[in-house]
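Single-letter residue listing:
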Amino acid sequence: MAKMKKKTWKEMSPAARTGTIIIGIAQVALMLAAQRDISRRPAELINGPKAAWRMGALINFVGPMGYFVFGRKRPGAVK
């Protein structure tokens, strides 16, 4: 099997550069949205400790998406 060489920024096509920038912006925006939601949401409305979700939300796309899907309690779920 031939080993693929990673391209440097200068070797990437303009479309690949643009795509990389857009994905990076989306990742940072999602992480910031999760961090903001964790800060503003009361601990009673979060499944698990806030500190754990804060750390988890720093993991690429997986952390923030995990928080939005599994970390927040649904309306009416609080008793």
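Caption draft 1: Summary view of the overall build of the protein. Helix and strand counts for the protein come out as 3 helices and 0 strands. Over its C-alpha trace the protein gives a radius of gyration of 18 Å, far above what one expects of a compact globule, namely 12 Å for 79 residues. With respect to the principal axes defined by its C-alpha atoms, the protein has extents near 55 × 30 × 20 Å. For the protein, with 79 residues in total, the buried portion stands at 20%. By sequence separation, contacts in the protein at least 24 residues apart represent 49% of the contacts at least 6 residues apart.

Caption draft 2: Focus on the packing of helix 1 (residues 14-40) against helix 3 (residues 62-71). It is at 8 Å that the axes of helix 1 and helix 3 come closest, and there the two elements cross at 40°. Taken together, helix 1 and helix 3 sit at an angle that is classed as oblique. For the pair helix 1 and helix 3, the sense of crossing is left-handed. Contact with helix 1, carried on its side by Leu30, Met31, Ala33, Ala34, Asp37 and Ile38, involves Pro64, Met65, Tyr67 and Phe68 of helix 3 and no other residues of that element.

Caption draft 3: Local environment of the environment of Arg74. Looking at the secondary structure, you find Arg74 in the segment after helix 3. It is 34 Å that separates the C-alpha atoms of Arg74 and Gly19, two residues lying 55 residues apart in sequence.

Caption draft 4: View of the packing of aromatic side chains. One pass over the structure, following the stated rule, counts 2 aromatic pairs. Through pairs of rings, three or more aromatic residues link up here, namely Trp53, Tyr67 and Phe68.

Caption draft 5: How the structure looks around the nonpolar core. In terms of nonpolar packing, the biggest core is built from 6 residues, these being Ala34, Ile38, Ile46, Trp53, Ala57 and Tyr67. Other than its neighbours up to four places away in sequence, Ile46 contacts Ile38, Arg41, Trp53, Tyr67, Gly71 and Lys73.

Caption draft 6: Representation of the pattern of salt bridges in the model. The final tally for this structure, using the stated rule, is 3 salt bridges. For Lys5, the salt bridge identified is with Glu11, shortest N-O distance 3.5 Å. As a salt-bridge pair, Asp37 and Arg72 come within 3.6 Å of each other at their nearest N and O atoms. Separated by 35 residues along the polypeptide, Asp37 in helix 1 and Arg72 in the segment after helix 3 bring together distant segments of the chain. Through salt bridges with shared partners, one network takes in Asp37, Arg41 and Arg72.

Caption draft 7: Representation of helix 1 within the structure. Taking 1.5 Å as the rise per residue, helix 1 with 27 residues should run 39 Å; its terminal C-alpha atoms sit 39 Å apart, in good agreement. Contacts from the buried residues of helix 1 go to helix 2 (50-56) and helix 3.

Conventions used here
- Residues numbered from 1 in each chain as written.
- Predicted model: local features only at pLDDT ≥ 70, side-chain atom pairs only at ≥ 80, totals over all residues.
- Heavy atoms only, no water.
- Helix = DSSP H or I, 4+ residues; strand = E, 2+ residues; numbered from the N terminus.
- Rg over C-alpha atoms; globule rule 2.2 N^0.38 Å.
- Buried < 20%, exposed > 50% of the residue type's maximum accessible area, 1.4 Å probe, protein only.
- Contact = heavy atoms within 4.5 Å.
- Axes fitted to C-alpha atoms, helices over the stretch in contact; angles between N-to-C directions.
- Parallel < 35°, antiparallel > 145°, perpendicular 65-115°, else oblique.
- Left-handed = near helix turned anticlockwise from the far one by under 90°.
- Phe/Tyr/Trp six-rings, centres within 6.5 Å; stacked < 30°, edge-to-face > 60°.
- Core = buried A, V, L, I, M, F, W, Y, C linked by side-chain atoms within 4.5 Å.
- Salt bridge = Lys/Arg side-chain N within 4 Å of Asp/Glu carboxyl O.
- Expected span 1.5 Å × (residues − 1).

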